[in-house]
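# Observations on the three-dimensional arrangement
Below, each chain spelled out in residue letters.
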Amino acid sequence: QFVIGFFSFLVLLCCEGATAGFRAAMVPIHASFGLTTFMLAIAACVTGLTEKVMFKLKNRYSHFEEEGYVVNTIGATLVALGILFGYILNRNSFRYRPNVLIRSPDL
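The written sequence of each chain sets the order in which its residues are numbered from 1. With the structure being a predicted model, the display of local features is reserved for residues of pLDDT at least 70 and the display and counting of side-chain atom pairs for 80 or more, all residues being used for whole-chain, interface and lining totals. Here the side-chain values reflect all heavy atoms present in the structure, with hydrogen atoms and water set aside.

### Notes on the UniProt feature "transmembrane region" (unreviewed entry) in the chain
- Annotation from UniProt places "transmembrane region" (unreviewed entry) at residues 27–49 and 69–89.
- Between the end C-alpha atoms of residues 69–89 the distance is 30 Å, and the span holds 100% helix and 0% strand. UniProt positions are given in the numbering used here, feature names are shortened, and annotations may be inferred rather than shown by experiment. Think of it this way: any DSSP run of H or I at least four residues long counts as a helix, any run of E at least two long counts as a strand, and we number them from the N terminus.

Written out as structure tokens, the structure is:
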């Protein structure tokens, strides 16, 4: 990723049209890597939460203690946010389109 960024910024800096086209071609790859990194961060958080509660509560985890409820709620919320953000990022209706003008009928 660094090499591509270096190439697109420094080498193609003199050719504005080529730089814009190259960057536009890299947007799907950049979005995929970003979403993958975000999902891996959520997986690390959920794994860490699960490991912590299992080591602390041990056999009491299945007895529905309050700490288990809190950790499960945090984990479910993280997973729900990951699914929601993944859905939003893959929808075309949420993408930025600079050529679409929003006009008010009052103007």
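Don't stop here, the text continues.
### Describing unusual backbone geometry
- The backbone of lysine 58 shows a phi angle near 50°, a positive value even though the residue is not glycine.
- Mapped onto the elements, lysine 58 comes out in the loop between α2 (16–57) and α3 (66–90).
- For the exposure calls, accessible area comes from a 1.4 Å probe over protein chains only, and a residue counts as buried if that area is under 20% of its type's maximum, exposed if over 50%, partly exposed in between. The exposure class assigned to lysine 58 is exposed, which follows from its relative accessible area of 58%.

### A few points about the pattern of salt bridges
- Any Lys or Arg side-chain nitrogen located within 4 Å of an Asp or Glu carboxyl oxygen qualifies as a salt bridge. For the structure shown, the criterion picks out one salt bridge.
- Here glutamate 67 makes a salt bridge to lysine 56, at a shortest N to O gap of 3.8 Å. In this pair, glutamate 67 is assigned in helix α3 and lysine 56 in helix α2, connecting sequence segments 11 residues apart.
- Exposure remark for glutamate 67: the relative accessible area of 31% places this residue in the partly exposed category.
- When its relative accessible area of 48% is taken as the criterion, lysine 56 is described as partly exposed.

### Some details on the environment of valine 71
- For valine 71, the position within the fold is in helix α3.
- When the C-alpha positions of valine 71 and valine 46 are compared, they lie 8.9 Å apart, and in sequence the two are 25 residues distant.
- In contact with valine 71, other than residues within four places in its own chain, are Leu49 and Val53. Note on definitions: a residue-residue contact is assigned when non-hydrogen atoms from the two residues lie within 4.5 Å.

### Observations regarding the packing of aromatic side chains
- Any Phe, Tyr or Trp ring, taking Trp's six-membered ring, that has another such ring centre within 6.5 Å forms a pair; planes under 30 degrees apart are called stacked, those over 60 apart edge-to-face, and the others tilted. Per the counting criterion, the structure on display carries one aromatic pair.
- Ring centres of phenylalanine 38 and phenylalanine 85 lie 5.5 Å apart, and the angle between their planes is 45°; this geometry places the pair in the tilted category. With phenylalanine 38 in helix α2 and phenylalanine 85 in helix α3, this residue pair connects regions lying 47 residues apart in the sequence.
- Classification of phenylalanine 38 as partly exposed rests on a relative accessible area of 30%.
- Using a relative accessible area of 35% as the deciding quantity, one classes phenylalanine 85 as partly exposed.

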